[in-house]
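Each chain, letter by letter, is given below.
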Amino acid sequence: MKVEMMRILANHKIAEDTYELILEGDIARLIKEPGQFVHLKLNDDALPLRRPISISSYHQNTMTLLYKVVGKGTLALSKLTIGDDVDVLGPLGNGFKLGPWLKNKKVLIVGAGIGIAPLYQLAKELQAYDVDLDISLSFQHKNAAYYVKEFQELGTVYISSDDGSVGFKGYASDLLKTLGKNYDLVYSCGPKVVLSFVQSYYEKTSEIYLSLEERMGCGIGACYACDTKDKTKRICKDGPVFNGKEVLI
Ligand SMILES: Cc1cc2nc3c(=O)[nH]c(=O)nc-3n(C[C@H](O)[C@H](O)[C@H](O)COP(=O)(O)OP(=O)(O)OC[C@H]3O[C@@H](n4cnc5c(N)ncnc54)[C@H](O)[C@@H]3O)c2cc1C
Ligand code: FES
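Cut-offs and rules
Residues numbered from 1 in each chain as written. Chains lettered and ligands numbered in written order. Predicted model: local features only at pLDDT ≥ 70, side-chain atom pairs only at ≥ 80, totals over all residues. Heavy atoms only, no water. Domains from an automatic or database assignment. Contact = heavy atoms within 4.5 Å. Buried area = accessible area lost by both parts, 1.4 Å probe. Salt bridge = Lys/Arg side-chain N within 4 Å of Asp/Glu carboxyl O. Polar contact = N/O pair within 3.5 Å; in protein donor to acceptor, adjacent residues only side chain to side chain. Helix = DSSP H or I, 4+ residues; strand = E, 2+ residues; numbered from the N terminus. Pairing = 2+ DSSP bridges. Axes fitted to C-alpha atoms, helices over the stretch in contact; angles between N-to-C directions.

### Things to note about the domain arrangement of the protein
Much of the literature gives interface size as the accessible area that the parts lose upon coming together.
Working step 1: As far as domains go, the protein holds domain 1 (2-92) and domain 2 (100-211).
Working step 2: A straight line from the C-alpha centre of domain 1 to that of domain 2 covers 24 Å.
Working step 3: Of the residues lining the interface, 16 residues belong to domain 1; the matching set on domain 2 comes to 15 residues.
Working step 4: In total, about 1,300 Å² of surface goes out of reach between domain 1 and domain 2, with carbon and sulfur atoms giving 59% of it.
Working step 5: Considering only the surface of domain 1 that becomes buried against domain 2, Glu16, Pro34 and Leu66 emerge as the three largest contributors, covering 35% of it.
Working step 6: Taken together, the connections running from domain 1 to domain 2 amount to zero salt bridges.
Working step 7: At the surface where domain 1 touches domain 2, the tally comes to seven residue pairs in polar contact (both at pLDDT 80 or more).
Working step 8: Put simply, the parts of the chain that give the side of domain 1 that touches domain 2 at least two residues each are strand 1 (2-15), strand 2 (18-24), strand 5 (57-59) and strand 6 (62-68).
Working step 9: For the side of domain 1 that touches domain 2, the leading source of residues is strand 6, giving four residues.

Next comes the structure, spelled out in structure tokens:
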């Protein structure tokens, strides 16, 4: 983990309120696994706290972040342009577990909204294990959909939207009910309601990994702002990815 001024190679809109930011610098080489995150400091005295954003993908000395503009920090980020520097702390946290036990397994990735972002590098790295990969992506509506083609290159993609403007009409839970429970492993990131559904619906699946989100302070385990529901773990340091059999959402 280090703090670095990373150079912006690209920062452009890819869907409604959603941006792809490509950063260059040494932090990218320190990333251990998909699902880790970075903490960004914006050059604005009115925004003293860093903002946590997942690493969506990485390659050599670059990394890509996908973010949704929801408030002042992410809005300020969206105004930065190619050649600007961003103050980055990272890589932080523990990501999705991968290993030889995955060989030839039937795997499901479940992403919803901006929670789809960290699942992209995971889907890429799963290719090395010859898994049979299904990918469930849920969006509010068509204009909010992103990275569909990218995921289609990596597995069989199923899409839902709340209003039916793209894919199956319904919520992530409705889509998952059509896919069924026949998976060896499930990885998920998205709103709490989706993670809770995944945890209970795939209760009998042998392994589940869930990426949790919470408002953060320090991002490095020092301030206890990001406790899990049972107060036994810190999301920034022990997560954000947890064993779905153990964590309370
Ligand atoms: C580990 C982790 C990884 C994340 N990865 C991504 C990512 O890849 N892409 C992305 O777009 N966002 C991600 N987030 C959420 C992101 O950190 C917040 O959206 C961002 O900090 C909001 O900053 P802001 O100044 O724009 O909004 P603020 O003005 O601080 O808040 C605006 C609104 O967003 C809500 N909000 C703020 N922070 C969070 C949060 N951490 N979780 C849920 N709601 C929040 C607030 O309650 C408020 O309603 C992640 C959060 C965590 C903890
Ligand atoms: S944000 Fe400080 S302990 Fe997690």
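Here the narrative resumes.
### As for the sheet that holds strand 6
The strands that make up a sheet pair up through hydrogen bonds in the backbone, lying either parallel or antiparallel.
Working step 1: If you trace the seven strands from one edge of the open sheet to the other, you get 4-3-7-1-2-6-5, paired in antiparallel fashion. Both outer strands of the open sheet, strand 4 (51-54) and strand 5, are each paired with one neighbouring strand and no more. Mean inter-strand twist for the sheet, computed between neighbouring axes without regard to direction, equals 35 degrees.
Working step 2: Here strand 3 (residues 37-41) runs beside strand 7 (residues 85-92); their pairing, made up of four bridges, is antiparallel. Residue pairing across strands places Phe37 opposite Leu92, the latter belonging to strand 7.

### Looking at the pattern of salt bridges
Working step 1: For the structure on display, the rule yields nine salt bridges.
Working step 2: Asp87 serves as the salt-bridge partner of Arg50, at 2.9 Å between the closest nitrogen and oxygen. Linking Arg50 in the loop between strand 3 and strand 4 with Asp87 in strand 7, this pair joins segments that are 37 residues apart in sequence.

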